[in-house]
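Summary of structural features
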Amino acid sequence: MNANCTPTQVRRYATRPHNQPAPATRTYGPATDIVENDNNVTLILDLPGIAPADISIKMVEGVLTVKARRERSKDGENKPRFVRHERIFGDFERTFRLPRTVDATGIKARFKHGSLHITAPKTDQAKARTIEIAGE
Amino acid sequence: MLTPLLPANDWRNFETSVNDLVSSVFGKPIFSDRGTASTSAAAWWPRIDVVEQENAYEIHADIPGVEPSNVKLAVDGGKLTISGERNSHSENNSDRVHRSERSYGKFLRTFSLPEGANPEDIKADFKHGVLTVNIPKPTAAAAREIAINVSEG
């Protein structure tokens, strides 16, 4: 965890902690990393075993919502016997309130090896810049 | 500065003791995690399912965000080991990490293979961050009748 990051800043980004179900329904929040560099805020969500077509990403009034469904594959007529059962299946949903410093129209997403990367570029005003001191 | 709930080492000890507990409660099924193996340098343990099909066992391991070239599957002395490493989300030290829930670093899970399983028959594939390992069940020797030699006299 970065030393510059205060708990308030962390809370500003994520509205629900991961692995806690949403109210009333059995929905899981995928584990997420949020990293900020000079130009972008990047969210990385673990969504293993889900086809990109089964993931929806929506941005409404500064709130980014990621939804996905993971179904157990039913192959074969015989009911498989579980020797070990640790993986989570079902509905995944997580919402993030993005800061005003990102440009909602420039958000891009890519899915690679079961992780969803959402990159939100910062607005030009929000980017750090160095101010030169004019000579005398 | 955020203070973690427990130092990283304590979390590791906690997971190790849970693995030991699981092994001791369930005894030694055909597939069992070796609790002692997890005291190695592993930083995290992927979630796995082990499924018994009619003709094979299947191991499904969730390892999202891991490059296939960083995954290793090995059979040694009747044990199958899935190991590898997940690289950190940020290459740059100047990046500000607002949230870090995903585990990264080395991972390891070990399983006992069913008796008679042929390592040559084990197949594995990797799709959307899930590693699937197929272990065909050893074929039972065909039933046969054994003639009895009868000695007389």
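The structure this text deals with has already been given above.
**So, the overall build of chain B**
For chain B, the helix and strand inventory stands at 1 helix and 8 strands. Along its sequence from the N terminus, chain B presents helices and strands in the succession α-β-β-β-β-β-β-β-β. Taken across its 153 residues, chain B has 37% of its residues classed as buried. A separation threshold of at least 6 residues defines the contact pool for chain B, and within that pool the share at least 24 residues apart is 56%. If you sum the accessible surface of chain B, you get close to 9400 Å²; carbon and sulfur atoms cover 50% of it.

**A few points about the sheet that holds strand β6 (residues 81–85) of chain A**
Overall, antiparallel pairing links the 5 strands, which are arranged β6(A)-β1(B)-β2(B)-β8(B)-β7(B) in an open sheet. On the outer flanks of this sheet lie β6 of chain A together with β7 (123–127) of chain B, each paired with one strand and no other. The average angle at which neighbouring strand axes cross in this sheet is 15°, direction not considered. Relative to strand β8 (residues 130–136) of chain B, β7(B) runs antiparallel, the two sharing 5 bridges.

**Looking at the side chain of A:S115**
Here A:S115 is to be found in strand β9 (residues 115–121). By relative accessible area, which is 1% here, A:S115 ends up buried. Dropping the residues within four chain positions of it, A:S115 is found in contact with A:I44, A:L45, A:D46, A:R110, B:P64, B:G65 and B:R102.

**Thoughts on the pattern of salt bridges**
A full pass over the atoms with the stated rule returns 17 salt bridges over all chains. Residue A:D33 pairs with B:R102 through a salt bridge whose shortest N-O separation is 3.2 Å. Note that A:D33 is positioned in strand β2 (residues 32–36) and B:R102 in the loop between β5 (96–100) and β6 (105–112), a pairing that runs across two chains. Given the relative accessible area of 9%, B:R102 is considered buried. In this structure, A:D46 and B:R86 form a salt bridge, with 3.0 Å as the shortest nitrogen-oxygen distance. With A:D46 in strand β3 (residues 40–46) and B:R86 in strand β4 (residues 79–86), this pair bridges two chains. For A:D46, a relative accessible area of 10% puts it in the buried group. The class for B:R86 is buried, based on a relative accessible area of 4%. Residues joined by salt bridges that share partners form a network here, namely A:R70, A:R72, A:R87, B:D49 and B:D62.

**Topic: the nonpolar core**
Membership of the largest hydrophobic core comes to 19 residues, with the highest contact counts inside it found for A:L43, A:L47, A:I55 and A:L116. When residues of this core are traced back to their parent elements, those giving at least two are β3, β5 (63–70), β7 (90–97) and β9 of chain A. In contact with A:L47, not counting residues within four places along its chain, are A:P30, A:I55, A:V66, A:A68, A:F92, A:F111, A:G114, A:L116 and B:H128. B:W44, B:Y57, B:V66 and B:I122 belong to the second-largest nonpolar core, a separate cluster that totals 18 residues.

**Here we look at the sheet that holds strand β1 (residues 27–28) of chain A**
Residues and elements named next belong to chain A. Read from one edge to the other, the open sheet built from 4 strands follows the order β1-β7-β5-β4, with strand pairing classed as mixed. Both outer strands of the open sheet, β1 and β4 (55–60), are each paired with one neighbouring strand and no more. Pairing of β5 with β7 involves 8 bridges; the strand directions are antiparallel. Its bridge partner lying in β7, A68 is registered against F92.

**Some thoughts on the packing of aromatic side chains**
Tallied over the full model, the rule gives 2 aromatic pairs over all chains. On the numbers, 5.9 Å between centres and 45° between planes, the contact of A:Y28 with A:F92 is tilted. Placement of the pair is A:Y28 in strand β1 and A:F92 in strand β7, with a sequence separation of 64 residues. Residue A:Y28 is classed as buried on the basis of its relative accessible area of 16%. Geometrically, the ring pair formed by B:W44 and B:F107 is tilted, given 5.0 Å between the ring centres and 55° between the ring planes. Taken together, the positions of B:W44 in the loop between α1 (8–26) and β1 (48–52) and B:F107 in strand β6 put the pair 63 residues apart, joining distant regions of the chain. Relative accessible area serves as the criterion here: at 2%, B:F107 is assigned to the buried category. Lying across the ring of A:F89, A:R70 places its NZ or CZ 4.4 Å from the centre.

The rules behind the values
Residues numbered from 1 in each chain as written. Chains lettered and ligands numbered in written order. Predicted model: local features only at pLDDT ≥ 70, side-chain atom pairs only at ≥ 80, totals over all residues. Heavy atoms only, no water. Helix = DSSP H or I, 4+ residues; strand = E, 2+ residues; numbered from the N terminus. Buried < 20%, exposed > 50% of the residue type's maximum accessible area, 1.4 Å probe, protein only. Contact = heavy atoms within 4.5 Å. Areas by Shrake-Rupley, 256 points an atom, 1.4 Å probe, with all protein chains shown as cover. Pairing = 2+ DSSP bridges. Axes fitted to C-alpha atoms, helices over the stretch in contact; angles between N-to-C directions. Salt bridge = Lys/Arg side-chain N within 4 Å of Asp/Glu carboxyl O. Core = buried A, V, L, I, M, F, W, Y, C linked by side-chain atoms within 4.5 Å. Phe/Tyr/Trp six-rings, centres within 6.5 Å; stacked < 30°, edge-to-face > 60°. Lys NZ or Arg CZ within 6 Å of the ring centre and 35° of its normal.

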